[in-house]
Amino acid sequence: MHCSHTCCSDHSSHSFSSQEVKLRHSLTLRGEMAQKGVQLDRETFSCSICLDLLKDPVTIPCGHSYCKDCIKHHWDGELIHSCPQCRQSFTPRPVLLKNTMLAALVEELKKTGLQAAPADLCYAGAEDVACDVCTGRKLRACKSCLVCLVSYCEQHLQLHYDVAQLKKHKLVEPSKMLQENICPRHDEVMKIFCRTDQQSICYLCSVDEHKGHDTVSAAAERTERQRELEGSRLNIQQRIQDGEKEVKLLQQEVEAVNGSADKAVEDSEKTFTELIRLMEKRSSDVKQQLRSQQEREVSRVRELQEKLEQEISELKRRDAELKLLSHIEDHNQFLLSYPSLPALSEATHSSSINIRPLSYFEDVTAALSALRDKLQDALREEWTNVSSTEVDVLLSAAEPTTRAGFLQYSQEVTLDPNTANTHLLLSEGSRKATYMQQPQSYSSHPDRFTYYHQVLSRESLSGRCYWEVEWRGRRVYVAVAYKNISRAGNESGFGFNDKSWSLDCYQNSYLFRYNSINTPVSGPPSSRVGVYLDHRAGILSFYSVSETMTLLHRVQTTFTQPLHAGVRLFYYGATAEFCKLK
């Protein structure tokens, strides 16, 4: 095992690694090189693993030096331990000892300031664009030339600033994609854009396989598309601003809801506390009243009881006197004593005692029970009103942005034959309507449309829902309407009243109609129209559905009733089918 420490090295004290020799030589020549304006190469003092100055350097048996942590982590998990530069392998794994001499040299370099590489000597990493002119280890490119199709570091770029012909070249930020500007067939720079085939081509392509095509210079096409891009950005920025305003409004709404709910909770607690206190007060009053009545009745009864007990004592005493008188044998003595007996006091009559029934206080209990029942009924009725009162906070979730997002609200829609005009044939489980020349044998029904060839869905639509209509023909209406829309006359047509909203679909255009007001709609033609409804939020949106979804028209209003989906057909043979989405 080779030890890098000089005191325990198996070599002589004058044997150093190649890197140590380089460093010592660099230090020796420092003064002379500084005078000549020469910068020492940072690579000489760098670890080949981390590409930075050596930190805590160690030298492995083959003589190469690395940062201790770098070589340690490089060998961790490896079965065979080898040098990253010369690939020499070692068994067993070498013990890493600090190379004190190399560490001292690196520290000396740091003190002298030679460790800092010039700004232009920034080597290209894996993620950087390398200078195509540099030989050996390449520097990082600072510009790419669209004429030369070459990337340059600052040093090699200087000619483009000094030479008049090169000053005309187009310099851009460094790019790895320069070779994509070369025609793979003719090896020429592609400066032309073929609008017919929507691809970049070279001059030879324009006179060969792209001859007769609509071609312009790449710069002209870029200018036009740049204008479109700016328009798109302005639209996006406007939508961002609108969205941020809506987010702010929704945040204010959240704060208002929270504040209102907190106040309602506080007020309800206060109300119930007052009710509880009132009930406690009434309970205390009833209790006090009952106890007071109890005390009065008991006092009255006690008074009567004492009076009766006194009468009984008096009567017992008189009975004893009369008994003694009755035992006198001397007639004259008996007659002499008899008239002297005092008369009896008037007896207390039982009616004056007025003994009340034991259920005396049950009247109060019954009255309280009746009051309790009334309170329960009142609370039950009022609670139903409170609990059924929905706080109408319009915090609807955002409208989906992808078809997959819409499909989570998909609604199966079937057509109601009782509303179908007699020239409409319903099929596919009442999901498809076809305009027939001959009238169908429908029974008479008050819901049937008699003037226009249209039909409504069986299902009433509320909440959030989405459906799609596949249509064929020259003209079809896709609509929603209230149930109470008129069934006869010109005002019964979808979009010709304030009870329906309609998208008039032509083969190459659209027209939105509400309350007889027409609004032209632009968008890609499609035989399938998607309809999104957020009834509570008052949002109704129509989409052109193909490989992507394009918003055609959105309505923001307030719906006062549930809605029904509907279609209206023009011309014989036209069809409209509500698609199965699940």
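Above this note sits the structure.
Not measured: the values here are computed from a predicted model.

(A) Representation of the pairing of strand 15 (residues 475–482) within the structure. In terms of residue burial, strand 15 counts as a mostly covered element, since 8 of its 8 residues are buried. Here strand 15 shows no split at all, with Arg475, Tyr477, Ala479 and Ala481 on one side and Val476, Val478, Val480 and Tyr482 on the other all buried. The sheet contact formed by strand 15 and strand 16 (residues 500–506) spans 7 bridges and is antiparallel. When the bridges of strand 16 are listed, Ala481 appears paired with Ser500.

(B) Summary view of the pairing of strand 20 (residues 539–545). Most of strand 20 is tucked away, with 7 of its 7 residues classed as buried. By the alternation rule, side chains of strand 20 split into Ile539, Ser541, Tyr543 and Val545 and Leu540, Phe542 and Ser544, which are all buried. Hairpin connection between strand 19 (residues 528–534) and strand 20: a loop of 4 residues separates the two successive antiparallel strands, and Gly538 in this loop has a positive phi of roughly 75°. In this structure, the hairpin formed by strand 20 and strand 21 (residues 549–556) is closed by a connection of 3 residues.

(C) Representation of the sheet that holds strand 5 (residues 143–145). Ordered in space as 6-5-7, the 3 strands form an open sheet in which the pairing is antiparallel. In this open sheet, the two strands that pair with only one neighbour each are strand 6 (150–152) and strand 7 (171–172). Contacting strand 5, strand 6 and strand 7, helix 5 (residues 154–162) crosses the sheet at an angle of about 110° to strand 6.

(D) Geometry of the pattern of salt bridges. Tallied over the full model, the rule gives 25 salt bridges. For Glu321, the salt bridge goes to Arg318, with nearest N and O atoms at 3.7 Å. On the criterion of helical spacing, the pair formed by Glu321 and Arg318 is a turn pair, its members being 3 residues apart in helix 8 (residues 218–326). Arg318 gets classed as buried once you look at its relative accessible area, which sits at 7%. A salt bridge links Glu468 to Arg403, with the nearest nitrogen and oxygen atoms 2.9 Å apart. On the criterion of sequence distance, the pair formed by Glu468 in strand 14 (residues 464–472) and Arg403 in helix 12 (residues 403–407) is long-range, its members being 65 residues apart. Judged by relative accessible area, Glu468 falls into the buried class, the value being 0%. Taken together, the salt bridges that share partners define one network made up of Arg403, Glu468, Glu470, Arg472 and Arg528.

(E) Here's a closer look at unusual backbone geometry. A cis amide bond links Thr91 with the next residue in sequence, Pro92, at an omega value of 0°. Within the fold, Pro92 resides in the loop between strand 4 (89–90) and helix 4 (100–112). With a phi close to 55°, Asn515 is a non-glycine residue in the positive phi region. Examined against the element boundaries, Asn515 turns out to sit in the loop between strand 17 (510–514) and strand 18 (517–521). By relative accessible area, Asn515 is classed as partly exposed at 38%.

(F) Up close: the packing of aromatic side chains. Scanning all chains against the criterion turns up 15 aromatic pairs. Members of the aromatic cluster, connected to one another through ring pairs, are Phe406, Tyr409, Tyr466, Tyr532 and Tyr543. Sitting over the face of the ring of Phe449, Arg487 holds its NZ or CZ atom 4.8 Å from the ring centroid. One cation-aromatic arrangement involves Arg568 over Tyr477; the distance from NZ or CZ to the ring centre is 4.7 Å.

Reading guide: rules and limits
Residues numbered from 1 in each chain as written. Predicted model: local features only at pLDDT ≥ 70, side-chain atom pairs only at ≥ 80, totals over all residues. Heavy atoms only, no water. Buried < 20%, exposed > 50% of the residue type's maximum accessible area, 1.4 Å probe, protein only. Helix = DSSP H or I, 4+ residues; strand = E, 2+ residues; numbered from the N terminus. Pairing = 2+ DSSP bridges. Contact = heavy atoms within 4.5 Å. Axes fitted to C-alpha atoms, helices over the stretch in contact; angles between N-to-C directions. Salt bridge = Lys/Arg side-chain N within 4 Å of Asp/Glu carboxyl O. Phe/Tyr/Trp six-rings, centres within 6.5 Å; stacked < 30°, edge-to-face > 60°. Lys NZ or Arg CZ within 6 Å of the ring centre and 35° of its normal.

Remember that the coordinates give geometry; whether it matters functionally is a separate question.
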